[in-house]
Amino acid sequence: MELRDIEIFLTLTEELHFGRAAERLHVSVARVSQAIKKQERAIGAELFARNSHSVRLTRLGEQLRDDLRQVHQGLAQTLERARQAARGKTGTLRVSLFPLNVQELRRYWETFRARHPQWELRLRMSVFQDPFAQLRNGEVDILVTWLPVEEPDLTVGPLLFAEPRVLAVAGDHALTRWSSVSLEAVSDFQHVAIEPAPGYWKDHYVPESTPKGRSIDRTATFNNLEDIFMHTVLGETVTLFPVHMSWYFARPDIAYLPVKDMDALPYGMVWLSAAENDMIRAFARVVRDLGPLPG
């Protein structure tokens with residue numbers, strides 16, 4: 001199996017969507033489909049069960065994913081070290097982000113690069129499922145995420161920012177007659193959940209109940225932002241976001257309503273304690289020196 005075909009397979013196991021996998025890899029959907037069919041012919045069995053509505057891994061596909069992930073990671077790291085050496089770089093710090101306000105966080109990236117030209121800084125957006133797995137399996141070095149994070153094997157670093165909350169609803173939603181909303185008012189509508197993820201971590205983003213004890217329906221599960229927006233526009237869900245989403249994703253078919261009875265959502269940096277290194281410590285020092293973004 002060629003390295004590129006392994007990359008296509010592993011990306012599809014994460015996205016479980018041919019179009020999103022192709023977009024992420026900058027190839028055509030046909031190229032993704034061709035690579036998967038080639039692998040299945042070589043193995044003699046299906047790796048994915050797919051129909052017009054969904055794509056999921058077969059048991060064999062899960063086994064191959066688990067076996068290939070570590071092999072691919074080792075090969076990718078070996079090639080990356082060779083590329084870095086050719087450019088005079090001695091290491092790469094990989095940062096995965098849940099927040100989408102990359103431009104506002106730019107001062108941290110630029111300061112790190114200016115202080116440490118010997119290291120490369122690589123950013124990527126985080127996946128919406130199993131959020132801490134990317135740290136534990138060695139895909140990234142730092143995760144920028146909302147807090148609290150209370151995992152015994154993870155270290156929580158300094159705060160980057162904290163933002164008020166807004167509720168995204170369809171432009172013609174009944175709630176748009178109000179200029180702001182409360183959790184009590186929005187508990188009547190279905191909310192988005194992230195699975196799998198620790199309960200306490202999900203609860204801080206979308207609480208299980210309102211301050212008065214009314215249950216909040218969190219049964220809508222999606223693994224990408226495009227689907228979240230689509231179901232919000234269709235009026236099937238309402239979505240809690242940090243306020244920067246209303247600036248970066250202003251849309252004519254979505255209204256963002258301030259939520260008046262939720263605390264600001266804090267975001268910080270998190271890393272695997274056992275994998276802490278000089279680059280992680282240097283980036284944490286940059287964040288501490290500059291301090292959090294002004295509220």
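Counting of residues starts from 1 at the beginning of each chain's written sequence and follows it residue by residue. In view of the model being predicted, local features appear only for residues whose pLDDT reaches at least 70, and side-chain atom pairs are presented and counted only at 80 or more, with totals across whole chains, interfaces and linings using the full set of residues. Excluding hydrogens and water, the side-chain figures rest on all heavy atoms present in the structure.

K.L.:
How would you summarise the environment of arginine 65 if you had to cite specific residues and measurements?
P.N.:
If you trace the backbone, arginine 65 turns up in helix 4 (residues 59-86). Separated by 51 residues in sequence, arginine 65 and glutamate 14 have C-alpha atoms that sit 9.7 Å apart. Helix and strand assignments follow DSSP, with helices taken as H or I runs no shorter than four residues and strands as E runs no shorter than two, numbered in order from the N terminus.

K.L.:
Account for a nonpolar patch on the surface, with residues named and values stated.
P.N.:
A cluster of nonpolar residues, Met1, Ile43 and Leu60, forms a patch on the protein surface that exposes about 260 Å² of accessible area. Its location among the elements puts isoleucine 43 in helix 3 (residues 29-43). Each patch is assembled from residues with relative accessible area greater than 30% and no salt bridge, linking like charges that lie within 9 Å and nonpolar side chains (Val, Leu, Ile, Met, Phe, Trp, Tyr) that lie within 5 Å. Here the accessible surface of atoms and residues is derived via Shrake-Rupley with a 1.4 Å probe, and residues count as covered only by protein chains that are part of the display. Salt bridges are identified by distance alone: a Lys or Arg side-chain nitrogen within 4 Å of an Asp or Glu carboxyl oxygen.

K.L.:
Lay out helix 1 (residues 3-15) with the relevant residues and their values.
P.N.:
Given a rise of 1.5 Å per residue, 13 residues ought to cover 18 Å, and the 18 Å separating the end C-alpha atoms of helix 1 matches this to within 8%. Positive backbone phi, at 50°, marks leucine 16, one or two positions downstream of helix 1. In this analysis, the expected span of each helix is defined as 1.5 Å times one less than the number of residues it contains.

K.L.:
Give a detailed account of the packing of helix 1 against helix 2 (residues 18-25), specifying residues and quantitative values.
P.N.:
For any two helices packed against each other, one specifies the crossing angle of their axes together with the interaxial distance. Helix axes are fitted to C-alpha atoms over the stretch in contact, other axes to C-alpha atoms as well, and angles between N-to-C directions run from 0 to 180 degrees. Two numbers describe how helix 1 lies on helix 2: the axes approach to 9 Å, and their chain directions differ by 130°. When the axes of helix 1 and helix 2 are compared, the pair comes out oblique. Of the two elements, helix 1 crosses helix 2, and the hand of that crossing is right-handed. Contacts between helix 1 and helix 2 involve Arg4, Glu7, Ile8, Thr11, Leu12, Glu14 and Glu15 on the former and, on the latter, Phe18, Arg20, Ala21, Arg24 and Leu25. Gly is put with the polar residues, along with every residue not named as nonpolar or charged; the nonpolar set is Ala, Val, Leu, Ile, Met, Phe, Trp, Tyr, Cys and Pro, and the charged set is Asp, Glu, Lys and Arg. Across the contact of helix 1 with helix 2, the residue classes tally to five nonpolar, one polar and six charged. Oblique is the label for every angle not falling under 35 degrees (roughly parallel), over 145 degrees (roughly antiparallel), or within 65 to 115 degrees (roughly perpendicular). Handedness of a crossing is defined here by the sense of rotation of the near helix relative to the far one, left-handed for an anticlockwise turn of less than a right angle and right-handed for a clockwise turn. Working rule for contacts: check all heavy atoms of both residues, and any pair within 4.5 Å makes them a contact.

K.L.:
Explain the environment of leucine 79 to me, using residue names and the numbers behind them.
P.N.:
Here leucine 79 shows up in helix 4. With a 1.4 Å probe rolled over the protein chains alone, any residue whose accessible area is under 20% of its type maximum counts as buried; one over 50% counts as exposed, and the rest are partly exposed. Leucine 79 sits in the partly exposed class, given a relative accessible area of 40%. Distance from leucine 79 to threonine 176, taken between C-alpha atoms, is 52 Å for residues 97 residues apart in sequence.

K.L.:
So, the pairing of strand 7 (residues 165-170): which residues are in play, and what are the values?
P.N.:
Judged by how many residues are buried, strand 7 sits mostly within the fold: six of six residues are covered. By the bridge criterion, four bridges tie strand 7 to strand 10 (residues 239-242) in an arrangement that is antiparallel. From the neighbouring strand, alanine 168 faces strand 10, where its bridge partner is threonine 239. Strand pairing requires that DSSP identify at least two bridges connecting the strands. As paired elements, strand 7 and strand 11 (residues 254-258) share five bridges and run antiparallel to each other. Bridged to leucine 167 within strand 11 is leucine 257.

K.L.:
With reference to specific residues and values, describe the sheet that holds strand 10.
P.N.:
The sheet built from three strands is open, its strands ordered 10-7-11 with antiparallel pairing. If you trace the sheet from one side to the other, it starts and ends with strand 10 and strand 11, each paired once. The sheet shows a mean angle of 35° between the axes of neighbouring strands, direction not considered. In this fold helix 9 (residues 225-233) packs onto strand 7, strand 10 and strand 11, with an angle of close to 125° to the strand it touches most, strand 10.

K.L.:
I'd like to hear about the nonpolar core, residue by residue, with values.
P.N.:
Grouped together as the largest cluster of nonpolar side chains are 67 residues, with contacts concentrated most on Leu93, Leu167, Phe241 and Phe283. The element contributing the most residues to this core is helix 11 (residues 278-290), with seven residues. Those residues within four positions of phenylalanine 283 in sequence are excluded, and the remaining contacts are Leu93, Tyr108, Trp109, Phe112, Ile142 and Met269. Membership of the second largest hydrophobic core comes to 18 residues, among which are Phe9, Ala21, Ala35 and Ile36. For our purposes a nonpolar core is just a set of buried Ala, Val, Leu, Ile, Met, Phe, Trp, Tyr and Cys residues, chained together by side-chain atoms within 4.5 Å.

K.L.:
Can you break down helix 11 residue by residue, with the values?
P.N.:
With 13 residues, helix 11 extends 18 Å between its outermost C-alpha atoms, agreeing within 8% with the 18 Å of an ideal straight helix rising 1.5 Å per residue. By the burial criterion, the buried members of helix 11 are Met279, Ile280, Ala282, Phe283, Ala284, Val286 and Val287. Each element contacted by the buried residues of helix 11 is listed here: strand 3 (91-97), helix 5 (106-115), strand 4 (119-125), strand 5 (142-146), strand 6 (154-163) and strand 12 (265-272). Two N or O atoms count as a polar contact when they lie within 3.5 Å, although within protein this holds only if one can serve as hydrogen donor and the other as acceptor, and sequence-adjacent residues are included solely when both atoms are side-chain atoms. For helix 11, the side-chain oxygen to backbone nitrogen distance between the N-cap and methionine 279 is 3.1 Å, and the N-cap itself is asparagine 277.

K.L.:
How would you explain the packing of helix 1 against helix 3 if you had to name every residue and give the values?
P.N.:
Packing of helix 1 against helix 3 brings their axes to within 9 Å, and their N-to-C directions diverge by 100°. Relative to helix 3, the element helix 1 lies roughly perpendicular. Contact residues: Arg4, Asp5, Ile6, Ile8, Phe9 and Leu12 in helix 1; Arg31, Val32, Ala35, Ile36, Lys38 and Gln39 in helix 3. Here the contact of helix 1 with helix 3 is composed, by residue class, of seven nonpolar, one polar and four charged.

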